[in-house]
Amino acid sequence: MKRIGLLTSGGDAPGMNAAIRAVVRTAIYYGMEVYGIQRGYSGLMDDDMIPMEMRSVSNIVQCGGTKLRTARCLEMLTVEGQKKAVDTIKRRGIEGLVVIGGDGSFRGAKVLSETYGIPTIGIPGTIDNDLEYTDYTLGFDTAVNTCLDIINKLRDTMTSHERISVVEVMGRHCGDIALYSGIASGAEIIVVPEIKFNLDDIVMRINRSRASGKHSNIIVVAEGVMSADEFAKQLQPYTSYPVRPTCIGHVQRGGSPSMADRMLAAQFGNKAVRLLKDGIGNRVVGIKDNKIIDMDIIEAVSMKKVFNHELYETLQMISM
Ligand code: ATP
């Protein structure tokens, strides 16, 4: 394989730039050319791409966002759009493609490989950690650390005023950001889409913590359940403690990637290109039990994310 394409798609995630760097440098190491496709699948349809040289990825390992920019492209869901994308790939002599993105982006990659025979490798780049085949996705660790920083600050002010903080975090339909940031911040309660919440039980836990000498409470609510505003409105009539909602919002998507995300980016990017170099396509890379793995793209996108109930139980036992 002499020429590959690379794109970032869907929601951006810290570590995407570090992965771009790893893909470009590994490809150059093996004597391949790399085209950086801008704005995800939209750029593929518009033939918007730039050759990526060794120095084009200098000084980006520490940067949030994505140098190639990203987009959501509805045209990719249509056969006409897909054919346009394939035309560009063929015209440019691109023999393999690396797609960095979440499950939606992987569905696009699956179409390119399965229907049109373009060898494609997916790198899981999403803060949501919503892909079952991999223990972690790129950007999740940094996003959780951003939440921790904010929750720590909220704890200070909530304790001073003896309030209850309802903190809304991202994750779409997946509760992992809420679960991990809840456990790691010492939040008393998490509310996730995977488990039906019970307001009486939450009020009981708050009252029990106050009776044992606690001066504040943190409730982390995943966006897939409801907004912080809405949850605070539901809770307030049942408690005399003032409830204050905070939506962390898009800061979760930005910022310099953590060590964990930079390490994943380096290994995912390197593995993706080594697969293409060996003539292997239609795979996704990931990490399972601390080992970098690859898996059939069709199998990976058909797996249903399983919520970690053991971690949830741990939070229930130690946060009170
Ligand atoms: P994140 O989870 O961070 O939001 P994502 O990759 O899941 O990232 P989506 O918006 O779901 O984000 O998908 C990104 C893009 O992938 C879409 O805009 C579309 O171009 C393409 N895509 C999604 N689903 C499909 C599909 N079924 N077939 C072809 N292309 C798809």
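Caption draft 1: The site of the ligand, seen in detail. Neighbouring the ligand are 17 residues; Arg72, Cys73, Gly102, Gly104 and Ser105 lie closest to it. Contacts to the ligand include Gly102, whose backbone N or O atom sits 2.9 Å from an oxygen atom. Summarising the interface, the protein chains cover 85% of the accessible area of the ligand, which totals 620 Å² for the free molecule. Judged by its atoms lying within 2 Å of the grid points, the ligand is housed in the largest pocket. In terms of residues, the shell around the ligand owes the most to one element, helix H4 (residues 103–114), which gives five residues. Split into classes, the residues belonging to the shell around the ligand amount to four nonpolar, eight polar and five charged.

Caption draft 2: Up close: the packing of helix H1 (residues 16–29) against helix H9 (residues 259–277). Direction vectors running N to C along H1 and H9 enclose 40 degrees, while the axes themselves pass 7 Å from each other. When you trace H1 past H9, the crossing you get is right-handed. Together, Ala18, Ala19, Ala22, Val23, Thr26 and Ala27 of H1 and Ala265, Ala266, Gly269, Asn270, Val273 and Arg274 of H9 make up the contact between the two elements. Taken together, the residues of the contact of H1 with H9 break down into eight nonpolar, three polar and one charged.

Caption draft 3: Highlighting the packing of helix H5 (residues 140–161) against helix H6 (residues 176–185). Two numbers describe how H5 lies on H6: the axes approach to 9 Å, and their chain directions differ by 50 degrees. Viewed along their axes, H5 and H6 adopt a mutual orientation that is oblique. For the pair H5 and H6, the sense of crossing is right-handed. Across from Phe140, Val144, Cys147, Leu148, Ile151 and Arg155 in H5, the residues of H6 making contact are Asp176, Ile177, Tyr180, Ser181, Ala184 and Ser185.

Caption draft 4: Fine view of the pairing of strand S6 (residues 164–169). Of all six residues making up S6, six are buried, and the element is well covered by its neighbours. Residue alternation in S6 divides its side chains into two sets, Ile164, Val166 and Glu168 and Ser165, Val167 and Val169, and both sets are buried. In this structure, S6 lies alongside strand S8 (residues 217–222), joined through six bridges in parallel fashion. By the bridge assignment, Glu168 is partnered in S8 with Val221. Inspection of the sheet shows S6 paired to strand S9 (residues 243–247) by five bridges, in the parallel sense. Residue pairing across strands places Ser165 opposite Arg244, the latter belonging to S9.

Caption draft 5: Region of interest: the sheet that holds S9. On the basis of which strands lie adjacent, the open sheet formed by four strands has the order S7-S8-S6-S9 and parallel pairing. In this open sheet, the two edge strands, each paired with only one partner strand, are strand S7 (189–191) and S9. Adjacent strand axes in the sheet meet at a mean angle of 20 degrees when their direction is disregarded. Relative to S8, S7 runs parallel, the two sharing three bridges. Each bridged residue has a counterpart across the sheet, and for Val191 the counterpart in S8 is Val221. Taken strand by strand, H5 contacts S6, S8 and S9, and its axis lies near 165 degrees from that of S6.

Caption draft 6: Focus on the nonpolar core. Among the nonpolar cores identified, the biggest contains 56 residues, and Leu6, Ile20 and Ile123 are the most heavily contacted of them. Broken down by element, the residue count for this core peaks at eight residues, all from H5. Both domain 1 (3–139 + 257–302) and domain 2 (141–254) contribute no fewer than three residues apiece to this core. Those residues within four positions of Ile123 in sequence are excluded, and the remaining contacts are Val23, Val98, Val99, Ile100, Gly101, Phe106, Leu138, Phe268, Gly269, Ala272 and Val285.

Caption draft 7: Spatial organisation of helix H3 (residues 79–91). If you check H3, its first and last C-alpha atoms are 18 Å apart, about what 13 residues at 1.5 Å a residue would give, namely 18 Å. Along H3, the residues classified as buried are Gly81, Gln82, Ala85, Val86, Thr88 and Ile89. Buried residues of H3, seen end-on, are gathered within an arc of 155 degrees and therefore sit on one face of the element. Exposed side chains of H3 directed beyond 90 degrees from the buried face belong to Glu80, Lys90 and Arg91. Where H3 is buried, its residues touch helix H2 (40–46), strand S3 (49–51), strand S4 (96–101) and H4. One or two positions beyond H3, positive phi appears at Gly93, with a value near 70 degrees.

Each value, and the rule that gives it
Residues numbered from 1 in each chain as written. Predicted model: local features only at pLDDT ≥ 70, side-chain atom pairs only at ≥ 80, totals over all residues. Heavy atoms only, no water. Near = heavy atom within 4 Å. Polar contact = N/O pair within 3.5 Å; in protein donor to acceptor, adjacent residues only side chain to side chain. Areas by Shrake-Rupley, 256 points an atom, 1.4 Å probe, with all protein chains shown as cover. 1 Å grid on protein atoms, 1.4 Å probe; cavity = no way out; pocket = protein on both sides within 12 Å on 5 of 7 lines; lining within 4 Å. Sits in = over half its atoms within 2 Å of the grid points. Helix = DSSP H or I, 4+ residues; strand = E, 2+ residues; numbered from the N terminus. Nonpolar A, V, L, I, M, F, W, Y, C, P; charged D, E, K, R; others polar. Axes fitted to C-alpha atoms, helices over the stretch in contact; angles between N-to-C directions. Left-handed = near helix turned anticlockwise from the far one by under 90°. Contact = heavy atoms within 4.5 Å. Parallel < 35°, antiparallel > 145°, perpendicular 65-115°, else oblique. Buried < 20%, exposed > 50% of the residue type's maximum accessible area, 1.4 Å probe, protein only. Pairing = 2+ DSSP bridges. Core = buried A, V, L, I, M, F, W, Y, C linked by side-chain atoms within 4.5 Å. Domains from an automatic or database assignment. Expected span 1.5 Å × (residues − 1). Arc of directions from axis to C-beta.

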